[in-house]
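# Secondary and tertiary structure notes
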Amino acid sequence: MEPALTQPKPFCIIKNLHILFHGKPVLQDINLTLTDCGITVLVGASGSGKTTFLRALNRLNEYYPGYSASGQIELALSGTMENIYQTDLQVTELRRRVGMVFQSPNVLPVSIAQNINLPLKLVTGLDRKKREERLVEVLQEVHLWNEVKDRLKTKASHLSGGQQQRLCLARVLALQPKILLLDEPTASLDFKASGRIEELLLELQHRYRIIAVSHSLRQARRIAGQILVMKEGRIEHLLKKDQFENSEMLQQLLEEFL
Amino acid sequence: MLFQGSAVFSALIVLALFGFLVYFTLPLFSEGQFTELFSWHWRPFHGEFGILPMIVGTVLLAISAMLIAYPVGLGICLFIHGLGPTWLVRPVLFLVYGMTGIPTVIYGFVAVFLLVPLLRTTLAHGTGFSLLAASLTLSILVLPTIVLLINTQLQQIVPRLRLTTEALGISRIHELTRISLPSASYGLLAAAILGFGRAVGDTLIALMVAGNAAQIPGTAFDSIRTLTAHIALVVATDSQSTIYHSLFAAGLILFMTTTTVNLLLHQIRRRSSREGQSA
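These numbers were taken from a predicted model, which means no experiment stands behind them. (Residues numbered from 1 in each chain as written. Chains lettered and ligands numbered in written order. Predicted model: local features only at pLDDT ≥ 70, side-chain atom pairs only at ≥ 80, totals over all residues.)

## A few points about the interface of chain A and chain B
- The interface is formed by 17 residues belonging to chain A together with 14 residues belonging to chain B.
- Secondary-structure elements contributing two or more residues to the side of chain A that touches chain B are helix H2 (91-97) and helix H3 (112-124) of chain A.
- The residue makeup of the side of chain A that touches chain B, split by class, is 9 nonpolar, 4 polar and 4 charged. (Contact = placed C-beta atoms within 7 Å. Helix = DSSP H or I, 4+ residues; strand = E, 2+ residues; numbered from the N terminus. Nonpolar A, V, L, I, M, F, W, Y, C, P; charged D, E, K, R; others polar.)

Pasting the structure below:
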């Protein structure tokens, strides 16, 4: 997506979202409109509902027992905004279009190539030739191709942590999502590997809408186009770039909320 | 010290058992009764002591019982791991675990009074004591072994994968059949081998339900006799004549089968733990 020169278009509209687990509220009264202006980064203390918020967008919260929710979420999945709870949208199709990368790399117990190939085959049913093309495409997109092109058949678990995380990202990109959800994607990586992922995300933000949870404010400032501050299950602030570039103001807000 | 002692003690017992069987089987080789032993006829009063029908009966029964039990066991495991409703998982597991504690004789008893008459009346072929009756009953006996082995391995694999595959939009059935089961190949193999071993080694069900005719069955509705039932029958009725020697051969074959099963399992476990470390 091009950087917006005119009025930025919304890609995520949330109205009165409440999410409870076993009757206990985890997200409360979320009303939010996100527009295209770079990576959206969620920050907040642990337990503030960041992960639950992220998982609301691909309906992954439903996987956990005791889940109940009310409210409405609309996402730009094709040309128009779509209500993700509407009945004719299959949840598997939603999750293909809203891809998710987890905190620690979760490669499948198969080869590097199969990690991309197998989900692609099972979810999209693309033929072999197309799948092979896309495999090369996405591995190049995450800058992993040169490192793994000679050992695509080896087990993915033999890669380093940073390589595994880039493979997980490639696996999601192969499904051609519209929105990427990243749950602390660098939390389990060392400094250098984190840096590579950050650079990658800054490249990818021009092609995908990205919402990421971050455990570090510094990281948020480096990669974010806008920052969402969460506290006790509520969105406290939506900060635009000019607001959080001002370090004093950010500091003040964070002392107040974290 | 105590553990070492008991380990040595049990190894000695196994070795003694093997030596005992070989010692008593040897005369068959030296006295040229070997060919008699591996003949197709068991007619002790005519001096024919062939145990081939029993070997065939054993193999047929074990394979047919596994052909019934294995798919069912696999199906139960898939049901437990996501194809069935979650509220049924615990009752099903409870039932399967409970089955392991039921004495074999109960299965045999129930089969004699329910399954055999049912087969007799519906098939109108023979007495109902048959290969089919025995394999159906035996399949129930080996089912828990199969379910527990596969289930144990899936429990290590599925929870780690489920969130990932859910998030990728992969359906449960695809996840289980294309990712989880292929990664559980050791459990699948171990279940097949151990299940087969149990089916070969079981005595009581074959003795009670299979009819015990020492013959090659023409159909699944014909009676068979297994090696285990053969030993039990002959020991119970005769312990004097030369017939007796053939039992040791039968015993030796069973002993070597179960030993092979155990060695295979050991091999599989070693391979699987090695792979587990490198993964």
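## Examining the sheet that holds strand S4 (residues 67-76) of chain A
Residue and element names in this part refer to chain A.
- Pairing is antiparallel in the open sheet, where 4 strands are placed in the order S2-S1-S4-S5. Each end of this open sheet is capped by a strand with a single partner; those strands are strand S2 (24-35) and strand S5 (81-83). Mean inter-strand twist for the sheet, computed between neighbouring axes without regard to direction, equals 10 degrees.
- Inspection of the sheet shows strand S1 (residues 10-21) paired to S2 by 8 bridges, in the antiparallel sense. Opposite Cys 12, over in S2, you have Leu 34 as the bridge partner. (Pairing = 2+ DSSP bridges. Axes fitted to C-alpha atoms, helices over the stretch in contact; angles between N-to-C directions.)

## A short note on the nonpolar core
- Counting residues in each nonpolar core, the largest one holds 73 residues, and the members touching the most others are Val 41, Leu 75, Ala 170, Leu 181 and Ile 227 of chain A.
- The contact partners of Leu 75 of chain A, leaving out residues within four places of it in the chain, are Phe 11, Cys 12, Leu 57, Met 81, Glu 82, Ile 84, Val 98 and Ile 179 of chain A.
- Of all hydrophobic cores here, the second largest spans 49 residues; its members include Met 66, Val 96, Val 116 and Leu 154 of chain B. (Core = buried A, V, L, I, M, F, W, Y, C linked by C-beta atoms within 7 Å. Buried ≥ 20, exposed ≤ 12 C-beta atoms within 10 Å, placed from the backbone.)

## Structural notes on unusual backbone geometry
- With a phi angle near 45 degrees, Glu 184 of chain A is a residue other than glycine that sits in the positive phi range.
- Positionally, Glu 184 of chain A belongs in the loop between strand S7 (179-183) and helix H7 (191-204).
- A positive phi angle, close to 65 degrees, is found at Asn 212 of chain B, a residue other than glycine.
- Mapped onto the elements of the fold, Asn 212 of chain B is located in the loop between helix H9 (204-209) and helix H10 (227-237).

## Things to note about helix H8 (residues 185-201) of chain B
- Here H8 of chain B contains 17 residues, and its C-alpha end-to-end distance of 24 Å stays within 8% of the 24 Å for a straight helix at 1.5 Å per residue.
- Considered for burial, the residues of H8 of chain B that qualify are Gly 187, Ala 190, Ala 191, Leu 194, Gly 195, Phe 196, Gly 197, Arg 198, Ala 199 and Val 200 of chain B. (Expected span 1.5 Å × (residues − 1).)

## Description of the pairing of S4 of chain A
Residues and elements named next belong to chain A.
- Here 8 bridges tie S1 to S4, and the two strands are oriented antiparallel to one another. Paired with Ile 19 across the two strands is Ala 69, which belongs to S4.
- Sheet topology note: the S4/S5 ladder contains 3 bridges and is antiparallel. Looking across to S5, one finds that Glu 74 is bridged to Asn 83.
- Here S4 folds back onto S5, and the loop between the two strands holds 4 residues.

Remember that the coordinates give geometry; whether it matters functionally is a separate question.
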